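These are the residues of each chain, in order.
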Amino acid sequence: LPAMLGRPGPRRPGVVLLAAVAALLVLLGLAPDDGLFRWSLGQVGRSDSMLHLAVGLLTAMLLAWQMGSRRVWLGLLAIVLAGMLGGAAEVMQLIFSERTAELRDWRHHAMGAAAAVGPYLLVMLARWCESPDARNHGTSLAYGPYSM
């Protein structure tokens, strides 16, 4: 809100958001019952494949934002890492919970992560279209021109 009003606001690193989402996803993966998530998907006639696709996309976008904000290749590496995290999550689910690990779930997670490549590249390549005069010299647009 402060940035929208053109005022300085508190700076919070994006790692805080990444950690919060990661903790939520770990709890969701290890919970014995999916509860609200599975119920809500069932109401629209979808299986848990959509949940794995969405989690893969969210994880990949957050990691790409954190790791690849300066270098495109690091963002693409982050997307690959997000796809691999789905496999690690399935192994954790097998070891630490009563739920089963399925290769299909990992595949859907990886497909969701792969879906992040398009939007990520679009945003990163759009930066090259800006003229040097339009670039914000040293300050982040997210915090406005008055931030320190």
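The coordinates are above.
Residues numbered from 1 in each chain as written. Predicted model: local features only at pLDDT ≥ 70, side-chain atom pairs only at ≥ 80, totals over all residues. Heavy atoms only, no water.

(A) Representation of the packing of helix 4 (residues 72–96) against helix 6 (residues 117–126). Interhelical geometry of helix 4 versus helix 6 gives an angle of 165 degrees and a closest axis separation of 11 Å. Classified by the interaxial angle, the pair formed by helix 4 and helix 6 is roughly antiparallel. Here helix 4 runs over helix 6; the crossing is right-handed. Across the interface between the two elements, V72, G75, L76 and I79 of helix 4 pack against V117, Y120, L121 and M124 of helix 6. Per-class residue counts for the contact of helix 4 with helix 6 are 7 nonpolar, 1 polar and no charged. (Axes fitted to C-alpha atoms, helices over the stretch in contact; angles between N-to-C directions. Helix = DSSP H or I, 4+ residues; strand = E, 2+ residues; numbered from the N terminus. Parallel < 35°, antiparallel > 145°, perpendicular 65-115°, else oblique. Left-handed = near helix turned anticlockwise from the far one by under 90°. Contact = heavy atoms within 4.5 Å. Nonpolar A, V, L, I, M, F, W, Y, C, P; charged D, E, K, R; others polar.)

(B) Quick peek at the environment of R104. Tracing the backbone through its elements, the reader meets R104 in helix 5 (residues 103–114). A distance of 2.9 Å separates the side chain of R104 from the side chain of E102, its partner in a polar contact. (Polar contact = N/O pair within 3.5 Å; in protein donor to acceptor, adjacent residues only side chain to side chain.)

(C) Molecular detail of the pattern of salt bridges. Enumeration over the complete set of coordinates arrives at 2 salt bridges. R104 serves as the salt-bridge partner of E102, at 2.9 Å between the closest nitrogen and oxygen. Relative accessible area serves as the criterion here: at 29%, E102 is assigned to the partly exposed category. Close ionic contact of D105 with R104 constitutes a salt bridge, the shortest N to O distance being 3.8 Å. When its relative accessible area of 4% is taken as the criterion, D105 is described as buried. (Salt bridge = Lys/Arg side-chain N within 4 Å of Asp/Glu carboxyl O. Buried < 20%, exposed > 50% of the residue type's maximum accessible area, 1.4 Å probe, protein only.)

(D) Structural view of the nonpolar core. If you look at the biggest cluster of nonpolar residues, it comprises 13 residues, and the most contacted ones within it are A60, L63, I79, A82 and Y120. Taken together, the elements giving at least two residues each to this core come down to helix 1 (14–30), helix 3 (48–67), helix 4 and helix 6. In terms of residue count, helix 3 provides more of this core than any other element does, 4 residues in total. Ignoring sequence-local partners within four residues, the contact set of A82 consists of T59, A60, L63, H109 and A113. (Core = buried A, V, L, I, M, F, W, Y, C linked by side-chain atoms within 4.5 Å.)

(E) Seen up close, the packing of helix 4 against helix 5. The N-to-C vectors of helix 4 and helix 5 enclose an angle of 160 degrees; their axes lie 8 Å apart at closest approach. When the axis of helix 4 is compared with that of helix 5, the two are roughly antiparallel. You can see that helix 4 and helix 5 cross each other, and the crossing is right-handed. Between helix 4 and helix 5, the contacting residues are I79, A82, G83, M84, L85, G86, G87 and E90 on the first element and D105, W106, H109, A110 and A113 on the second. A breakdown of the residues in the contact of helix 4 with helix 5 according to their chemical character gives 7 nonpolar, 4 polar and 2 charged.

(F) Examining helix 5 more closely. Over its 12 residues, helix 5 extends 16 Å from the first C-alpha to the last, a length consistent with the 16 Å expected when each residue adds 1.5 Å. Along helix 5, the residues that are buried comprise D105, H108, H109, G112 and A113. Viewed end-on, helix 5 has its buried residues packed into an arc of 145 degrees, placing them on one side of the element. Where the residues of helix 5 are buried, they touch helix 3, helix 4 and helix 6. (Expected span 1.5 Å × (residues − 1). Arc of directions from axis to C-beta.)

These values are about where atoms sit, not about what they do.
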